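# Observations on the three-dimensional arrangement
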Amino acid sequence: MFISNAFAQSAPAAGGGDMMSSLASMLPLLLMFVVLYFVMIRPQMKRQKEMRAMLDALQKGDEVATAGGLLGRITVLGDQFLTIEIANNVEIKVQRSAVVQVLPKGSYK
């Protein structure tokens, strides 16, 4: 009585424009992924590759800095661990991954 009847509207006819509109709506998402890759992912992968190369190139006698801030000279090299002399007759054993920097020769005394 007081409520009028509601009728569903018909959907627009499907045509070739739907494919283009769906591609156009995906374009911003794709563009964001490309920017994210070049701004964040690629530089991080490059840093990891450089760090791996530095750890593989460690040699006995290299002067290094660890993640904990200790400076020392490598005395014994192993696959996972290395021994660093931090003072006369004071040696510590650290993981290879704890080395964050190889110092120039003569910087550690």
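Throughout what follows, the structure given in this document is the object of discussion.

## Focus: unusual backbone geometry
Where the residue is not glycine, phi is negative for most of them; where a peptide bond is considered, it is trans in most cases. The phi dihedral of Asn89 falls on the positive side, at around 60°, and the residue is not glycine. Inspection of the secondary structure assignment puts Asn89 in the loop between β3 (81-87) and β4 (90-95). Note on Asn89: relative accessible area 78%, which makes it exposed.

## Considering the pattern of salt bridges
Evaluation of the coordinates by the stated rule reveals two salt bridges. A salt bridge links Asp62 to Lys105; the shortest N-O distance between them is 3.3 Å. Of this pair, Asp62 sits in the loop between α1 (17-56) and β1 (63-66) while Lys105 is found in the segment after β5 (99-103), placing the two residues 43 residues apart along the sequence. For the salt bridge of Arg73 with Glu63, the shortest nitrogen-to-oxygen distance reads 2.9 Å. Of this pair, Arg73 sits in strand β2 (residues 71-77) while Glu63 sits in strand β1, placing them 10 residues apart in sequence.

## Quick word on the sheet that holds β2
The strands making up a sheet associate through hydrogen bonds between their backbones, and the pairing can be parallel or antiparallel. What the five strands build is an open sheet, ordered β4-β3-β2-β1-β5; its pairing is antiparallel. At either margin of the open sheet sits one strand with a lone partner, and together these are β4 and β5. Looking at each pair of strands side by side, their axes are set apart by 45° on average, direction ignored. Looking at chain direction, β3 and β4 are connected through six bridges and run antiparallel. By the bridge assignment, Glu85 is partnered in β4 with Glu91.

Rules used in this analysis
- Residues numbered from 1 in each chain as written.
- Predicted model: local features only at pLDDT ≥ 70, side-chain atom pairs only at ≥ 80, totals over all residues.
- Heavy atoms only, no water.
- Helix = DSSP H or I, 4+ residues; strand = E, 2+ residues; numbered from the N terminus.
- Buried < 20%, exposed > 50% of the residue type's maximum accessible area, 1.4 Å probe, protein only.
- Salt bridge = Lys/Arg side-chain N within 4 Å of Asp/Glu carboxyl O.
- Pairing = 2+ DSSP bridges.
- Axes fitted to C-alpha atoms, helices over the stretch in contact; angles between N-to-C directions.

By themselves, these observations are geometric and do not establish any function.
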